[in-house]
Amino acid sequence: MWGPDLHLGMASDEEAERPDRNENNYTHVVQKQNDTKSLSRGQDDRQLQDAILTNRICKQEEAEINLKKMTSEVSENHEKEKELLHGNDILQGETATRRLGRESQNSESAYGTTIF
């Protein structure tokens, strides 16, 4: 039935298949390593993108805070300016009133009469 030659023939066929399996396994292992490296690079890229985005968000928030501070300062300065202008108007009015009073006194002195 099965002779030694036939058995050796099967062993040779099995051995011939093994290198193919080893090559397939090697190819599979290399592919897995490449996939892992690719995945790792993808994760690294994602982490880098996240860091860049976080940095941009922080800078934007900082710029918004600075803008609010500047707006507040401008508003405060505007209020101070309004108060100073109002005070200036009052002083100018008082100055004009005093000039008129002085001019009246000078004209009374010059003519010796009192103007009512």
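Further up the page is the structure itself.
Residues numbered from 1 in each chain as written. Predicted model: local features only at pLDDT ≥ 70, side-chain atom pairs only at ≥ 80, totals over all residues. Heavy atoms only, no water.

**Student:** Quick question: what am I supposed to make of the overall build of the chain here?
**Tutor:** Along its length, the chain carries one helix and zero strands. Here the chain holds 116 residues, and the buried ones make up 0% of them. (Helix = DSSP H or I, 4+ residues; strand = E, 2+ residues; numbered from the N terminus. Buried < 20%, exposed > 50% of the residue type's maximum accessible area, 1.4 Å probe, protein only.)

**Student:** What should I look at first to understand the pattern of salt bridges in this one?
**Tutor:** Close approach of charged atoms allows side chains with opposite charge to pair. Within the structure shown, the criterion is met by two salt bridges. In this structure, D50 engages R46 in a salt bridge whose closest nitrogen and oxygen atoms are separated by 3.5 Å. With D50 and R46 both in helix 1 (residues 4-111) and four residues apart, the pair spans about one turn of that helix. The class for D50 is partly exposed, based on a relative accessible area of 32%. The class for R46 is partly exposed, based on a relative accessible area of 49%. A salt bridge links E79 to K82; the nearest nitrogen and oxygen atoms lie 3.9 Å apart. Residue E79 and its partner K82 are located together in helix 1, separated by three residues, close to a single helical turn. The class for K82 is partly exposed, based on a relative accessible area of 44%. (Salt bridge = Lys/Arg side-chain N within 4 Å of Asp/Glu carboxyl O.)

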